[in-house]
Amino acid sequence: MTGGVGYIGSHIAVALVEHGYTPVLLDNLSRSDDSIPDRINELCGFNVPLYKTDCRDRDGLRKLLDAEGGVDGVIHLAAYKSVGESVKIPLTYFDNNISAMTALLDIMVSERLNNLVFSSSCTVYGVPDHREVTEKTPFGNAFSPYGFTKQACERLMADVARSEPWMRQVSLRYFNPIGAHPSGKLGELPGGVPDNLIPYVTQTAAGQRDHITIFGSDYDTPDGTCVRDYVHVCDVAEAHVRALNYVSESDIALDTFNIGTGRGHSVKEIIDIFRRVNKTEVRSEEGPRRPGDVDAIYANVDKASATLGWTSKYTVEEALKHAWEWQKSL
Ligand code: NAD
Ligand code: UD1
């Protein structure tokens, strides 16, 4: 698993072990914390192999394969993920996210490795015509270099699916992963000032930030604030296990699934639920819209349910409780 020490990868590692898989992690640790490998090992009950390697380093990828005697499948998460940062340093994003995918596919093709599961994002839909999106909803205009890299990686997968008909690939389009492991031992560690809603809320509740600014309250939504589909990170992790099983057994060369709950919550609702379930204050102020935000988007998850047998299990209340437990443990 590339990017295996990050927020989502660390939860997937634990889920894989729970399902009897033996993960091998690759991460250059550029966006993760030194404490995470030990936490993964503790939850998994053994030392999960970790290769401190850049995913763009083909020789490094080969060394991992030689040392491990091959792998049965690949989950590819290694990427930079900040939308705002990608606007400031687009070339760094193109280089890291697209080159990592190119190098990985190159090695998978040359070594005839099969079964790829890729971390995509609902950002590929841009501003859709309908708020509930299915996998058939076409790609929209990519607002950010980050969004473009996800579209480009999916395009690379489609082209390789044509050139290498033996290969099986799945793309998972996550909506908004939130929360933390119920043990309180794993969670999100945003570096610097968080871009995303939940880390900003938890840091505000913890007193690290004075207040959270609600980006826009004049949208065409029930309470005027943006609506998103917030899905617990452990549910996202479980979806990868299902996708890995599916891709290993399926005859379909390339498939795509939305990974969300199918329900939307507004920014105000999220802040209110956080306050209520955690019995804690979070100061909030209404501010201007954030450029590039879509007013409302949520997943149609019928396909993941029917094909992968996956639906989200955790409620948004549980996700916000777990996020707060994690923040308090830091
Ligand atoms: P993260 O930043 O916590 O984890 C990414 C990991 O990849 C980090 O540990 C980082 O060190 C590593 N990495 C980055 N570039 C690398 C490279 N070239 N070689 C090796 N390792 C590298 O992010 P995350 O939230 O866990 O996201 C994982 C994936 O899911 C990313 O591809 C991201 O774009 C995608 N995604 C995330 C979200 C979200 O809200 N978190 C939503 C949609 C899609
Ligand atoms: C963004 C990206 C998405 C990426 C995801 C995880 C866009 C258009 N989408 O999703 O591609 O996969 O992050 O990195 O950028 N909000 C506030 N105040 C804050 C922070 C956020 O009101 O301080 C609001 C935002 O306006 C938005 C909602 O909270 O309506 C969720 O924001 P965020 O957590 O950043 O996720 P997205 O923008 O949905």
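Model, not experiment: these values are computed from the prediction. (Residues numbered from 1 in each chain as written. Chains lettered and ligands numbered in written order. Predicted model: local features only at pLDDT ≥ 70, side-chain atom pairs only at ≥ 80, totals over all residues. Heavy atoms only, no water.)

## A word on the pairing of strand β8 (residues 212-215)
Part 1 of the reasoning: Going residue by residue along β8, you find I212 and I214 tucked away on one face and T213 and F215 left uncovered on the opposite face.
Part 2 of the reasoning: Examined bridge by bridge, β8 and strand β13 (residues 284-287) share 4 bridges and lie parallel to one another. Within the sheet, the bridge partner assigned to I214 lies in β13 and is E286. (Buried < 20%, exposed > 50% of the residue type's maximum accessible area, 1.4 Å probe, protein only. Helix = DSSP H or I, 4+ residues; strand = E, 2+ residues; numbered from the N terminus. Pairing = 2+ DSSP bridges.)

## Notes on the side chain of T221
Part 1 of the reasoning: Relative to the helices and strands, T221 resides in the loop between β8 and β9 (227-228).
Part 2 of the reasoning: T221 has contacts with R131, V227, D295 and A296, leaving out every residue within four places of it along the chain. (Contact = heavy atoms within 4.5 Å.)

## A short note on the side chain of D229
Part 1 of the reasoning: Secondary-structure assignment places D229 in the loop between β9 and β10 (230-232).
Part 2 of the reasoning: Put simply, D229 is tucked away with no salt bridge, and the nearest opposite charge, on R263, sits 7.1 Å away.
Part 3 of the reasoning: Within polar-contact distance, the side chain of D229 engages the backbone nitrogen of A299 at 3.0 Å.
Part 4 of the reasoning: Those residues in contact with D229 that lie beyond four places of it in its chain are F175, N176, G260, T261, G262, R263, I297, Y298 and A299. (Lys, Arg positive; Asp, Glu negative; His and termini not counted. Salt bridge = Lys/Arg side-chain N within 4 Å of Asp/Glu carboxyl O. Polar contact = N/O pair within 3.5 Å; in protein donor to acceptor, adjacent residues only side chain to side chain.)

## Focus: the site of ligand 2
Part 1 of the reasoning: Around ligand 2 lies a shell of 20 residues, among which L197, T213, R228, R290 and D293 are the nearest.
Part 2 of the reasoning: Here an oxygen atom of ligand 2 and a side-chain polar atom of T123 are 3.4 Å apart.
Part 3 of the reasoning: Measuring from an oxygen atom of ligand 2, one finds a side-chain N or O atom of R228 at 2.6 Å.
Part 4 of the reasoning: Burial of ligand 2 by the protein chains amounts to 89% of its free accessible area of 740 Å².
Part 5 of the reasoning: Across the shell around ligand 2, the residue classes tally to 9 nonpolar, 6 polar and 5 charged. (Near = heavy atom within 4 Å. Areas by Shrake-Rupley, 256 points an atom, 1.4 Å probe, with all protein chains shown as cover. Nonpolar A, V, L, I, M, F, W, Y, C, P; charged D, E, K, R; others polar.)

## Some points on the sheet that holds strand β11 (residues 254-259)
Part 1 of the reasoning: Here we have 4 strands laid out as an open sheet, ordered β3-β4-β6-β11, and parallel in their pairing. Each edge of the sheet is formed by a strand with only one pairing partner; in this case those strands are β3 (74-76) and β11. Neighbour to neighbour, the strand axes of the sheet diverge by 20° on average, direction disregarded.
Part 2 of the reasoning: Bridge count between β3 and strand β4 (residues 116-121): 3 bridges; the pairing is parallel. If you follow I75 over to β4, its bridge partner there is V117. (Axes fitted to C-alpha atoms, helices over the stretch in contact; angles between N-to-C directions.)

## Focus: unusual backbone geometry
With glycine set apart, most residues show a phi of negative sign, and most peptide bonds adopt trans.
Part 1 of the reasoning: Backbone geometry at L29 places phi at a positive 60°, although glycine is not the residue there.
Part 2 of the reasoning: Mapped onto the secondary structure, L29 falls in the loop between β1 (25-26) and α2 (36-44).
Part 3 of the reasoning: One non-glycine residue, N115, adopts positive backbone phi at about 75°.
Part 4 of the reasoning: Of the residues examined, N115 reaches a relative accessible area of 10% and is grouped as buried.

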